[in-house]
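A look at the structure
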Amino acid sequence: MATLLPKPIKSRFLFYLYRSPSLSPPLSTATHHSSFSSSSSSSSSSSSSGKSTKAEKKLVDRLSSVIDAVHDRKLPPELRGQRNNVRSETDIINVVEQRIWHSMEEGHFENLPGKGKPLKLDTNPHADPAEDTLYRILSKNGCAPEWVELNKEIRSKMSEFRTSLKKAWACKCSGDHSKWDECSDALKLQLRDINNMVFRYNLIVPFGRQMFGLKWEKELGYLQEQD
């Protein structure tokens, strides 16, 4: 009856046996041993990679389900569970409008506090508290924020520029090209100063109140269309 050797002893025995100069393993034995080791290593690597792939897929599925649940909670109750059917924000807006109209029909907006009274616009709930306080102090003292005053100045400068440009254009149309050349150089400098003011205004104005500067070619195009 053959005695089975433990794996560490067996591997060391084969190592010294193959390294011995007087003994060389048969080709079939060496091939069988190498093929067995390569197949065992490949099977172990494939099994480990398969397990890691399954674990990663399971983790991704759990994360995606959590993200779907979070997005689903953001929807109105009428659309929960139907997130794939929501094609745009318009669908959500329609649901909100329907709920508002239903509430109005049921009289939920009747007898509200302050009904029929003027709105209190002393504070802006959407503004930063520090800025809101600053604006109220300026308003009580008859002052305005810098960007408001700058906006008035820019619009006044634009009006003056267009009036002067219209007069210079009339000189050009009448054949006085020397007068037009002289005025156009001064008007281009004036346009550059206005655009510099617009650039500064856009840096300090609240978001959504930015304005465009002037373009020489576009202003001339407006005059040509009027002719």
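Before reading further, recall that the structure is shown in the block above.
In short, a report on the structure. Given the structure is predicted, the values throughout are model-derived calculations rather than measurements. (Residues numbered from 1 in each chain as written. Predicted model: local features only at pLDDT ≥ 70, side-chain atom pairs only at ≥ 80, totals over all residues. Heavy atoms only, no water.)

**Some remarks on the overall build of the protein**
In plain terms, the rule: Each helix is a run of DSSP H or I of at least 4 residues and each strand a run of E of at least 2, with the numbering of both proceeding from the N terminus. Accessibility here uses a 1.4 Å probe with only protein chains present; expressed as a share of the type maximum, an area under 20% marks a residue as buried, one over 50% as exposed, and anything in between as partly exposed. Any two residues whose heavy atoms approach within 4.5 Å are treated as being in contact. Working definition of accessibility: Shrake-Rupley area with a 1.4 Å probe, residue cover restricted to the visible protein chains.
Within the protein, the secondary structure is distributed over seven helices and zero strands. Mapped in sequence order, the helices and strands of the protein form the string α-α-α-α-α-α-α. Evaluated residue by residue, the protein yields a buried proportion of 15% over its 227 residues. Sequence separation of at least 24 residues holds for 48% of the intrachain contacts in the protein that already meet a minimum separation of 6. Carbon and sulfur atoms form 58% of the exposed surface of the protein, whose accessible area is close to 18700 Å².

**Considering the nonpolar core**
What counts is decided by this rule: Only buried residues count toward a nonpolar core. Its members are Ala, Val, Leu, Ile, Met, Phe, Trp, Tyr and Cys residues joined through side-chain atoms within 4.5 Å.
Ranked by size, the top nonpolar core spans 21 residues in total, and within it Ile154, Met158, Phe161, Leu165, Trp180, Tyr201 and Trp216 carry the most contacts. Contributing elements (two or more residues each) for this core: helix H5 (146–173), helix H6 (177–204) and helix H7 (216–226). Among the elements that take part in this core, H5 stands out by supplying eight residues, more than any other. Excluding residues within four positions of it along the chain, isoleucine 154 makes contact with Met197, Val198, Tyr201 and Met211.

**A few points about the packing of aromatic side chains**
As a reminder of what qualifies: In this scheme Phe, Tyr and Trp rings, the latter by its six-membered ring, pair at centre separations within 6.5 Å, and the angle between planes marks the pair as stacked below 30 degrees, edge-to-face above 60, and tilted otherwise.
Per the counting criterion, the structure on display carries two aromatic pairs. A centroid spacing of 5.7 Å and a plane angle of 80° characterise the contact between tryptophan 169 and tryptophan 180, whose relative ring orientation is edge-to-face. Residue tryptophan 169 is found in helix H5, and its partner tryptophan 180 is found in helix H6; the two are separated by eleven residues along the sequence. Taking relative accessible area as the criterion, tryptophan 180 reaches 8% and is therefore assigned buried.

**Overview of the environment of leucine 223**
In this fold, leucine 223 is placed in helix H7. For leucine 223, a relative accessible area of 10% translates into the label buried. Between the C-alpha atom of leucine 223 and that of lysine 166, which follows or precedes it by 57 residues, the distance is 7.2 Å.

**Focus on helix H4 (residues 129–140)**
What counts here: Expected helix span is taken as 1.5 Å per residue step, with the number of steps being one fewer than the number of residues.
Across its twelve residues, H4 extends 17 Å between first and last C-alpha, which sits within 8% of the 16 Å expected from 1.5 Å per residue. Backbone geometry just after H4 places glycine 142 at a positive phi near 75°.

**What about the environment of cysteine 171?**
For cysteine 171, the position within the fold is in helix H5. We classify cysteine 171 as partly exposed; its relative accessible area is 21%. For cysteine 171 and cysteine 183, which are twelve residues apart along the polypeptide, the C-alpha to C-alpha distance reads 9.6 Å. Other than its neighbours up to four places away in sequence, cysteine 171 contacts Asp176 and Lys179.

**A short note on the side chain of glutamate 219**
Position of glutamate 219 relative to the elements: it lies in helix H7. Other than its neighbours up to four places away in sequence, glutamate 219 contacts Phe161, Arg162, Leu165 and Leu214.

**Here's the deal with the packing of H5 against H7**
Note the threshold: Axes, fitted as lines to C-alpha atoms, cover a helix only where it is in contact. Angles between the N-to-C directions of the axes lie from 0 to 180 degrees. By the definition adopted for this analysis, an angle is roughly parallel if under 35 degrees, roughly antiparallel if over 145, roughly perpendicular if from 65 to 115, and oblique otherwise. Take the far helix as the reference: if the near one is turned anticlockwise from it by less than a right angle, the crossing is left-handed, and if turned clockwise, right-handed. Each residue is assigned to one class: nonpolar for Ala, Val, Leu, Ile, Met, Phe, Trp, Tyr, Cys and Pro, charged for Asp, Glu, Lys and Arg, and polar for all the others, Gly among them.
Two elements in contact, H5 and H7, have axes whose closest approach is 11 Å; the angle formed by their N-to-C orientations is 60°. Between H5 and H7, the angle falls in the class oblique. For the crossing formed where H5 meets H7, the hand is right-handed. Where H5 abuts H7, its residues Phe161, Arg162, Leu165, Lys166 and Trp169 lie against Trp216, Glu219, Leu220, Leu223, Gln224 and Gln226. The residue makeup of the contact of H5 with H7, split by class, is six nonpolar, two polar and three charged.

**Side note on the pattern of salt bridges**
Between side chains of opposite charge, a pair can form as their charged atoms come close. Selection criterion: For this document, the term salt bridge refers to a Lys or Arg side-chain nitrogen within 4 Å of an Asp or Glu carboxyl oxygen.
The final tally for this structure, using the stated rule, is three salt bridges. Between aspartate 61 and lysine 57 there is a salt bridge; the shortest N-O distance is 3.4 Å. With a gap of four residues between them, aspartate 61 and lysine 57 both fall in helix H2 (residues 27–74), about one helical turn apart. Aspartate 61 gets classed as partly exposed once you look at its relative accessible area, which sits at 39%. In this structure, arginine 200 engages glutamate 146 in a salt bridge whose closest nitrogen and oxygen atoms are separated by 2.2 Å. Separated by 54 residues along the polypeptide, arginine 200 in helix H6 and glutamate 146 in helix H5 bring together distant segments of the chain. Overall, arginine 200 belongs to the partly exposed group, its relative accessible area being 41%. Of the residues examined, glutamate 146 reaches a relative accessible area of 44% and is grouped as partly exposed.

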